[in-house]
Each structure stands twice: as C-alpha cells, then as structure tokens.
Amino acid sequence: MIKDKQLKYIKLFFLLLIIIVPFSISDFSDQIRPEKITSDLRFYEINTCSISLNEFLIENLNVIYQDHYKIRFNNYSSISCFGQITGIDQIGYTFYISIGTNTILNLFLQSIFWLILISFIPKRKNFEFKNSILFSNLFTAFIVCVVIYAEQRYYSKVLFEFDINKNRSLFFLFIYFFFIGFFSFYVIQSRDENLLNFLPFTYILIGVYSGMNIYLLSIFFCTIGTSKILKNKKIRKYFSFINFLVFFWSFNAVGLDYYLKPDKIRGLSSTAYNFLSVSSWSYLMIISILGMYVFVSERKVIFNLNKLKNNFILTSMLLILLGYVGSSMPVINFYNYYFFGQTKYGTDNQDLFGVNFWGETEAWRGYFPSAETVGEFFALGLIIIFLLRKENKKFEKILIFGIPTLLIGLYASNNKAAFISLLLCFVLSINYEYKLKRVTKLFLLAPVVFVFVYFIRFENFLYSLNFSSNKMIEMGIGYGNESFRSSSINYLQNLDETSFLIKLIILFFGFFAFLINRSELWGIFFARYNPETLEALFGSGPFILANHYSEINILDKKLYTGTPLGFLLPHSSALSIMLFFGLIGLIVFLIYVFYILYKGRKTNPKLFLLSLFILLNILKSDSIFYLPSFFLYLTIFISLKKSKKVI
Amino acid sequence: MSKKLNSSKEIIVQFCGEYPADFENKDILSDPNFVFENDISYESIKLFDIDGNAVFVNSFLECQHYVKGGWDYIPSQRNESFYYNSLFMFSIVSVVLGFIFIKKYFRWGNLSD
C-alpha cells in the first residue's frame, strides 16, 4: 500500500502536471515558433492556435512580470486549441493576450485540481457511502443540466460546438456533472470532522468554473441537500410549501425572457429570467442552502475558534500576497483566476493605499472580487484574535505577522463599516468580560461614536432631516425613467398617502442610508425595484436578479459625475433578501436572526459578537452574493444557534 | 458536434455554396457508370466524413452528391465530438472505478441508514 507521505507527493505531482501540461501542449513538429511580441501583431494574428502559453512565455519572459500585458481566457475555444494563443490585441499601451480554453474541459481540469487540493485535508475514519447519495448525485446532475439548458443565452457563448438543444449533449453534460458530484461528495465528505476549520481558505479557493455559472460547492451541497430531503420526512413536508413558492416565482416569469450578465457574482446569480430558469435555479439554490445547513449543523463540533483564527491569518496573508503579486504579474493573475476559480480577475491596481483625485482613500480589493467583503473578512480575523487573546498563555508567533497583515488588509479595503463594527465588538467584548459600570461603558463607547461621526462627517448631521431622509427617494426618482417609473418609487413618492408608521420607517431607513452613504445605491435599487403586490410579499426567487436589472431602464450614467454606472449591486443584503423572498421573507429572516442573537448572547458571547458583526455588515454589503462569505456567515450563525452543544 | 440544419438543401449550400443559376440535377444513382465532370468555374472543395476521411470535389453536382451521402462533417466539429466522447467515457470509467474502490475500502450503507 502507498503510504500517506508518498500519496502526498503523488498528489503534488498531479497538481504540478495540471498546472503545467494544459498550457504547454502545442504541435512542436510544425515550423511555427513564437516571436517576440511587438506592436506588429501580424504573426500572432495569422498563427492562432499554434503556440502554447508556456512556449510564448519562454520567448517573451517580460510578459510574466510587466503589467501592461493582460492574459485573458477565451472559453469559446476548441479543445485542440486549449492553452494556446488565440489572438493578441493592443489597446493603447496594453496588450491583451487571449488564451484558448474550453468550458467543458475546464469542468474536468478545475474539478480535479480543486479536489486534489481539498484531499490534502486529513481523512476521517468513519466515512460511509450511502445508496441515497447515488440518487442524490443523479438528481443534482439533472437539476444542473436543466439550469444550463434554461440559461441558453449565457451558455451558447461559452460552449464551443456543444449544442445544448440536443439530447445527446444534455446527456453528456449529465454524466459530466454526475462524475463531478460523485467525486466531490467522496473527497469532501470523507475529510476530517474538523473540515470547517479550513473555511477561511474558501476565500482563496473560490471554486467557480471558468466559463460556467456554477460553483463546485453548489454541486456538492445540492447532493447533500437532496439526500437529506430523501431521508427526512419532516423536511419533505416543509418542501410542499417550497414547491408552492417556486411555482409562484416561476409563474411570474411566464412569457418573460430577461438576461443578466453575471459579472463578479457569477455562480450565485441566475443569468436568465424565464419559467424554466426560475424554477430550476430556485430548486438548485434552495437545496444547496439546505445542504450547507445540514453539512454544518450535523457536525458534533462545528469548528474550533483557535484553529479558525490561525487559518484566518494564513488566508489573509495569502489574499494579500496573491492579490499584490497578481496585480503586478499578468501570469500570476491569470493562474489565480483559473486554478482558484475566481469570479473576477484579481485587481491590476498595485497601490494598496491609493487615494483618488479628491484625496479620498481608494478601496483595494486585491485577489477577491469585492473589497467590501474581503474587508469584512480581515475585520473578522481581528475580532477572533481579540476574543481569543486570553486563551493562550504563550504569545503566538503567528500573530507577529498576522495582526499587521489583517490591519493592512482592512485598511486597504477601506471598509469603514467593518472598522466601526470591529471597534464596537471590542468594546462589547470587554464589557462581557469585566461587567463594566455604566460610566466606564460610555467612556469606552465614546471613541467608537467619535470614529463613527468622523467617517460619516459631522457636516452631514447638519442637513435638514427632510433633506437627508428623502435623499434616497430623490436619487431613485433621479435615476428612474419619467415615462416608466418602478412601482416601488411610485409608492415611495406618494408616502403622504400611507400610514404614519410606514412613512416613519421608510424615512428612518432613508436617513440611515444617507448617513452611511447609501442614498444613491439604494435609490438606484428602488428605481429598478418594480414588484406587483404578491411579488413584493413573496419575492422573485433566490439569487435571481435578471428581472430586477432588465425590467426597468434607468440612467446608464451617474447623476452627478456622468461616469458610466456599470453593474451596481444593491449593496444591502436586506434589500437583496427582500428582492428574493419578499417583505415576508425579509421579516422572517430578521426575526429569526435576532432570535438567534438573543438566545446566543449568553450561551456563547464570542460567537454572538461574530454574528453581530456579520449582521451589522451584511445590512449594507453584498457579501451574500459570494459563496465563500455566504457560507462562512451561515456557518457562524448556525454555530451560534447550536452553541450550547458544540463549542 | 455536427449542427443539424433544417433541410438538406441548407446543408448543401453551407458546404458547396449557392446553387448555380444553370444547375441541372441528374439522377446519379440510376447510372452505375456515371463519371463526374470537372467544372473549371467551380473552386474545388474538401469534404470530410464522420471518420475524418477527406475528398476533393470539383463540381457543384459532385459536391451535392457527396454531401447528401454523409460527407457533411466539419473537422473541428468532428474533433470536438471526439473530445466530448472521450470525456464522457472518462467520466463513466472513473465513476465505476470510484464506486468499486469506495465499496471495497469504506462502509456502504443503505437508504434507510
């Protein structure tokens, strides 16, 4: 038998093979040899699919480290063209080098690479494989195929010579996903009980397939969710209500066919809005979320905070290192994207502490698609270190590098809300430990309030209440279209006709938005948000944004600066939840979360503070659109819910 | 994977070009000694069958005849089909081997477990 150590070397060897070989294959018998890259690009325009990336890099070493080269994927390529140069363009001083990849082959290469990486986590002894899993795998493969079929507009641009209207192609896809589901279940589920301690690493190994709109983990969780539904009668009972909801969401989409380019939220946003896409995507998402819940809650010990802390620190170091190196070295940026399954290429901004024309600090997102979300990650790491400061009597060496890294990351991400909530959690933690007197409490809270006022800027408090609380609605009207206003803006415009309480809530919400600089973004949200009564109550389906972005045309430029608006997310998970599950869903979510916080505040203050931090931040961020943060936050909340039993 | 067009006429146009104005269709199958004549105004075209065999045709009539006979494969499509078939086989074989491996080394439970 192969020993563990030998097996590790074999796995490492395979990882190296997957990194090197696909991008080195080329017809070496031909007479075509790479040329030095210059502005005369005729050679590369004529000889497409003849030179592999690595062959090209050997001849053009400067492409590895000079940042005016951008290496980009062309997923709509033949498999025989995989890893080879399909064209080079020059725009200004920047060269765009297009590398042929194939979406179907990506599925295999990336899955195998990621599963080998995950397999380095030690195995557990009591793993068992059940028959129900096979059926769940089949169902997962089926539902993923239906999702792909329903999102034809997106997939027709990325699947080369693969006609998903043919039964044969769909059957092939079904088998491909069955293969991925089968092995991902085996590799992930057979790992150690302590698997969730490695959760921070999902911020590195994001796991979205290049060219596809799905995460590896979605496939895995869907399998677990399906298996749970099969086994648990109670869940099956609840599912009849879910079926009703899915039918309602799908019925609303009958006759419509909206499209959304998923951009950085690829993997957690349906690209289409029609009956089939809404129904299949809703089931995929709901079953996957159930799978996540089951995967976390059925563990005897969810995670060990001390180990989690170390992994937060290691991940933070890697995030900054890979982000910075990737920003200056095109090859690293390219490999990061492919081998870690990023949803968006890492930034090319090399200045971590840059300021804009007006002297304001610019957010640096580095490796992760969202600066705000990664800022929350760094702040969470700092809170965990603070909460555990007394647990270890000896000073840990990892903190010498860990704390500065986390501070640099938080500062570079320019996430002020994360910083303020971090300070608040510090004060609350001290209060828990020392049972402070009221005066001391106020004394400690004063700096937090001071920082809060400083970030908001004191002059913003001097505006009239009427102006600041109505700013969000004004922005919504400004961005909207006079001839076709959204139903929500129409409602907000006529607030005088509504009851005093609703008016008060909305104006308070508007004032809060003004203070935290969300008037414009939330105004844009309402300019687009156009539900009918039932849709306002029950939403339009989980992680479905295509209708929201396509139903109402709004200005495509910013009101005051005239710069392109781009793809702006709602910037509030509360608004996103309202969009997905309606007002009823939002209310149920808030009640449930506050209930968990209320119950958990005494049983486990540490997890309570972490959960509080998350709640405060997601109310104004889009972190639920990224699987790593969504899964991490869900895990922390579940841990708090189970805190009596687990930690 | 080959893209099926709506009608055989469309496939012929795709491979052989537009029908010549003075085109006269002939019943080739009824004449076992039929010999295709070269059309000097027709630029010869290379056609492929499902196995990748190639043939040059030198007239529209000849091209039409071959395309109707199944020489309507584009090499890139044929290659992709081969790769996709290979990945399909790879998936099936891997799952079967994985299944045997897991069954041998781990406990295999029942649905009711």
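Note that the coordinates shown come from a computational prediction; the quantities given were computed from them, not determined experimentally. (Residues numbered from 1 in each chain as written. Chains lettered and ligands numbered in written order. Predicted model: local features only at pLDDT ≥ 70, side-chain atom pairs only at ≥ 80, totals over all residues.)

1. Re the sheet that holds strand β3 (residues 94–100) of chain A
All names here are of chain A.
Then step 1. Within the open sheet, the three strands sit side by side as β1-β3-β2. Their pairing is mixed. Whereas interior strands pair on both sides, the edge strands pair on one side only; in this sheet they are β1 (69–74) and β2 (85–91). Neighbour to neighbour, the strand axes of the sheet diverge by 20° on average, direction disregarded.
Then step 2. Inspection of the sheet shows β2 paired to β3 by six bridges, in the antiparallel sense. Among the inter-strand pairings, Gly87 is bridged to a residue of β3, identified as Ser98. (Pairing = 2+ DSSP bridges. Helix = DSSP H or I, 4+ residues; strand = E, 2+ residues; numbered from the N terminus. Axes fitted to C-alpha atoms, helices over the stretch in contact; angles between N-to-C directions.)

2. Thoughts on helix α5 (residues 103–118) of chain A
Then step 1. If you check α5 of chain A, its first and last C-alpha atoms are 22 Å apart, about what 16 residues at 1.5 Å a residue would give, namely 22 Å.
Then step 2. By the burial criterion, the buried members of α5 of chain A are Thr103, Ile104, Leu105, Asn106, Leu107, Leu109, Gln110, Ser111, Phe113 and Trp114 of chain A. (Expected span 1.5 Å × (residues − 1). Buried ≥ 20, exposed ≤ 12 C-beta atoms within 10 Å, placed from the backbone.)

3. Examining the nonpolar core
All names here are of chain A.
Then step 1. With 156 residues, the main nonpolar core has Val144, Tyr176, Phe177, Leu284, Ala379, Ile383 and Leu609 as its most contacted residues.
Then step 2. At 12 residues, the largest contribution of residues to this core is made by helix α8 (residues 167–189).
Then step 3. For this core, the two domains that each supply at least three residues are domain 1 (4–101) and domain 2 (104–297).
Then step 4. If near-sequence neighbours (up to four positions away) are discounted, Ala379 is found in contact with Leu410, Ala418, Phe419 and Leu422.
Then step 5. Of all hydrophobic cores here, the second largest spans 17 residues; its members include Phe23, Tyr69, Ile71 and Ile99. (Core = buried A, V, L, I, M, F, W, Y, C linked by C-beta atoms within 7 Å. Domains from an automatic or database assignment. Contact = placed C-beta atoms within 7 Å.)

4. Here we look at the environment of Ile112 of chain A
Residues and elements named next belong to chain A.
Then step 1. In this structure, Ile112 sits in helix α5.
Then step 2. Under the C-beta neighbour-count criterion, Ile112 is labelled partly exposed, with 16 such atoms within 10 Å.
Then step 3. Linking Ile112 and Leu15, residues 97 residues apart in sequence, is a C-alpha distance of 8.8 Å.

5. Notes on the packing of helix α12 (residues 305–328) of chain A against helix α15 (residues 398–413) of chain A
Residues and elements named next belong to chain A.
Then step 1. The N-to-C vectors of α12 and α15 enclose an angle of 55°; their axes lie 9 Å apart at closest approach. Considering the angle they form, α12 stands oblique to α15. Relative to α15, the crossing made by α12 is left-handed. Where α12 abuts α15, its residues Asn310, Ile313, Ser316, Met317, Leu319 and Ile320 lie against Ile398, Phe401, Gly402, Thr405, Leu406, Ile408 and Gly409. (Parallel < 35°, antiparallel > 145°, perpendicular 65-115°, else oblique. Left-handed = near helix turned anticlockwise from the far one by under 90°.)

6. Considering the domain arrangement of chain A
Accessible area lost when the parts come together is the quantity often used to give the size of an interface.
Residue and element names in this part refer to chain A.
Then step 1. For chain A, the assigned domains are domain 1 (4–101) and domain 2 (104–297).
Then step 2. Once you take the C-alpha centre of each, domain 1 and domain 2 turn out to be 31 Å apart.
Then step 3. Taken together, the contact pairs 13 residues of domain 1 with 13 residues of domain 2.
Then step 4. In terms of residue class, the side of domain 1 that touches domain 2 is built from eight nonpolar, four polar and one charged. (Nonpolar A, V, L, I, M, F, W, Y, C, P; charged D, E, K, R; others polar.)

7. Topic: the pairing of strand β2 (residues 54–57) of chain B
All names here are of chain B.
Then step 1. Sheet topology places strand β1 (residues 45–48) next to β2; four bridges connect them, and they run antiparallel. Bridge pairing links Phe48 to Ala54 in β2.
Then step 2. In textbook terms, the turn of a hairpin is the stretch between consecutive antiparallel strands, and for β1 and β2 this stretch comprises five residues, one of which, Gly52, has a positive phi near 90°.

8. Comments concerning helix α26 (residues 627–641) of chain A
Side chains three or four residues apart in an α-helix point the same way, a direct result of the helix having 3.6 residues per turn.
Then step 1. Compared with the 21 Å implied by 1.5 Å per residue over 15 residues, the 21 Å span of α26 of chain A between its first and last C-alpha is a close match.
Then step 2. With 14 of its 15 residues buried, α26 of chain A lies for the most part within the structure.

9. So, the environment of Leu515 of chain A
All names here are of chain A.
Then step 1. Considering the arrangement of structural elements, one finds Leu515 in helix α20 (residues 500–515).
Then step 2. Along the chain, Leu515 and Ser468 lie 47 residues apart, while their C-alpha atoms are 8.1 Å from each other.
Then step 3. Apart from the residues lying within four places of it in its own chain, the contact partners of Leu515 are Ile456 and Asn460.

10. Focus: the packing of helix α14 (residues 371–387) of chain A against α15 of chain A
All names here are of chain A.
Then step 1. Their axes nearest at 8 Å, the elements α14 and α15 cross at an angle of 145°. Considering how the two elements wind past one another, α14 and α15 form a crossing that is left-handed. Contact residues: α14 offers Ala371, Val374, Gly375, Phe378, Ala379, Gly381, Leu382 and Ile385, while α15 offers Leu399, Gly402, Ile403, Leu406, Gly409, Leu410 and Ser413.
Then step 2. Broken down by class, the residue content of the contact of α14 with α15 amounts to 10 nonpolar, five polar and no charged.

11. So, unusual backbone geometry
Residues and elements named next belong to chain A.
Then step 1. Even without glycine at this site, Arg457 takes up a positive phi of about 80°.
Then step 2. A positive phi angle, close to 60°, is found at Asn517, a residue other than glycine.
Then step 3. Relative to the assigned elements, Asn517 resides in the loop between α20 and α21 (519–528).

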